[in-house]
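# Notes for the structure review
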Amino acid sequence: MKTAEMLRSLCTIPGVCGQEGMVNKHIVELIQDYAESITTDPLGNLIVSIIPPVKDKPHIMIEAHVDEIGLIVTGIDDKGFIRVSNCGGIDRRALLGKELVIHGDRDICGVVVTIPPHLQESGAKKKNPAIDDILIDTGMSKERLSKIVREGSLVSFALNDCTLQGGLICTKAADNRAGVCAVIKAIELLGRDSLQSVNCGLTLAFTTQEELGRRGAATAAYSISPDVAVVVDTSFAHTPDAPEHKCGKQGNGPMIGISPVLDRGLSEFLTKLSADSPHQFEVMGGETGTNADAVGISGRGVKTALLSVPIKYMHTPAEVVDTADIDATAGLLAKFIKQYEV
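Notes on the structure follow. (Residues numbered from 1 in each chain as written. Predicted model: local features only at pLDDT ≥ 70, side-chain atom pairs only at ≥ 80, totals over all residues. Heavy atoms only, no water.)

### Overview of the side chain of D67
Along the chain, D67 falls in the loop between β3 (59-65) and β4 (70-76). Of the buried charged residues, D67 lacks a salt bridge, with R177 as the closest side chain of opposite charge at 7.4 Å. Within the structure, the side chain of D67 is placed 3.5 Å from the backbone nitrogen of Q209, a separation counted as a polar contact. Once residues lying within four places of it in the same chain are set aside, the contact partners of D67 are G15, C17, E20, D175, N176, R177, T207, T208, Q209, E210 and E211. (Helix = DSSP H or I, 4+ residues; strand = E, 2+ residues; numbered from the N terminus. Buried < 20%, exposed > 50% of the residue type's maximum accessible area, 1.4 Å probe, protein only. Lys, Arg positive; Asp, Glu negative; His and termini not counted. Salt bridge = Lys/Arg side-chain N within 4 Å of Asp/Glu carboxyl O. Polar contact = N/O pair within 3.5 Å; in protein donor to acceptor, adjacent residues only side chain to side chain. Contact = heavy atoms within 4.5 Å.)

What follows is the structure in structure tokens.
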């Protein structure tokens with residue numbers, strides 16, 4: 001499957017924090033031909049054993065979170081408008097007027113209420129609404145809506161899928177389906193024959209609830225107990241309104257993480273492997289804000305590296321990704337799996 005097709009197939013599926021099962025079901029379809037075993041743990045993490053761990057050989061875990069940001073229904077007012085809270089660090093500026101899908105007893109469409117600019121009071125145009133001020137309009141009365149939607153129903157962005165110039169893909173949930181895509185593509189690149197000659201144990205962890213505090217990765221890493229791990233996520237690609245020194249550039253390949261909480265040797269090894277391929281660096285002075293933070297301190301501690309696919313407009317319904325960066329990340333992961341030695 002081509003990278004763009006795989007990414008789109010992953011992003012199409014709703015998977016708000018706590019409701020990732022449909023995404024993991026699709027991942028099983030994509031990866032099962034390479035797996036020795038596939039299990040799901042109590043937090044919904046998908047654990048895929050590619051090469052069972054062997055004594056005296058390193059056990060590598062490759063991790064990518066599958067959950068996307070979204071909303072959760074907190075109530076329905078007397079006029080039939082839905083009140084919500086956030087699941088993850090949603091950018092509220094990007095919500096107004098957006099189409100959403102409410103996952104009740106059946107999926108229904110809704111739109112976030114917004115006041116036309118002609119009717120806004122002076123100064124209101126610059127106001128960033130609080131989450132408690134956000135309402136969703138489904139066109140239904142409270143009586144009718146309450147038969148379908150209830151408190152605790154999850155809400156995801158409606159699919160926004162288009163191709164920009166240069167082959168860039170604009171979609172919801174690129175964070176972190178782009179990372180998931182890179183992990184699957186890396187296994188495809190290695191292929192079954194090459195995997196047989198890899199000198200390590202290899203387990204993939206597709207984890208839940210990263211957007212709620214890296215919960216899934218903490219439990220997955222504990223149960224897998226790897227010797228080394230590579231966390232694959234997304235990070236900030238530069239746009240004209242963002243500080244260039246804090247961002248990567250799309251088309252320049254994966255961002256290799258460098259941080260005191262990451263293993264310096266692994267970061268240097270990834271850099272060496274990237275000598276003849278596109279790559280860039282993401283330097284952080286402390287925690288990374290990714291699952292690498294939880295994986296690294298799991299159990300006895302895990303040597304952990306971080307690779308990030310640069311995307312634009314993170315945590316909005318219109319994230320933009322370059323599939324060339326996904327392919328470059330997959331290529332680097334494949335090299336790492338094939339060449340890593342203790």
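Next comes the rest of the account.
### Structural notes on the packing of aromatic side chains
The geometry of two aromatic rings is summed up by the distance between their centres and the angle between their planes. With the rule as written, the count across this model stands at 3 aromatic pairs. Through a chain of ring-to-ring contacts, three or more aromatic side chains come together here, namely F269, F336 and Y340. Sitting over the face of the ring of Y34, R192 holds its NZ or CZ atom 5.7 Å from the ring centroid. (Phe/Tyr/Trp six-rings, centres within 6.5 Å; stacked < 30°, edge-to-face > 60°. Lys NZ or Arg CZ within 6 Å of the ring centre and 35° of its normal.)

### Points about the pattern of salt bridges
Enumeration over the complete set of coordinates arrives at 8 salt bridges. D91 serves as the salt-bridge partner of R93, at 2.7 Å between the closest nitrogen and oxygen. A relative accessible area of 18% places D91 in the buried class. Of the charged contacts, one joins E188 and K185 as a salt bridge, the two residues approaching to 3.4 Å between their closest N and O atoms. Note that E188 and K185 are positioned in helix α4 (residues 174-195) at a spacing of 3 residues, about one turn of the helix. The network of salt bridges with shared partners includes E68, K172 and R177.

### Re the sheet that holds strand β9 (residues 154-157)
One closed barrel holds the 6 strands; their spatial order is β4-β5-β8-β7-β6-β9, and the pairing between them is antiparallel. Across this sheet, the average inter-strand angle for adjacent strands is 45°, counted without regard to direction. Across 2 bridges, strand β5 (residues 82-87) lies against strand β8 (residues 135-137) in antiparallel orientation. Its bridge partner lying in β8, R83 is registered against L135. (Pairing = 2+ DSSP bridges. Axes fitted to C-alpha atoms, helices over the stretch in contact; angles between N-to-C directions.)

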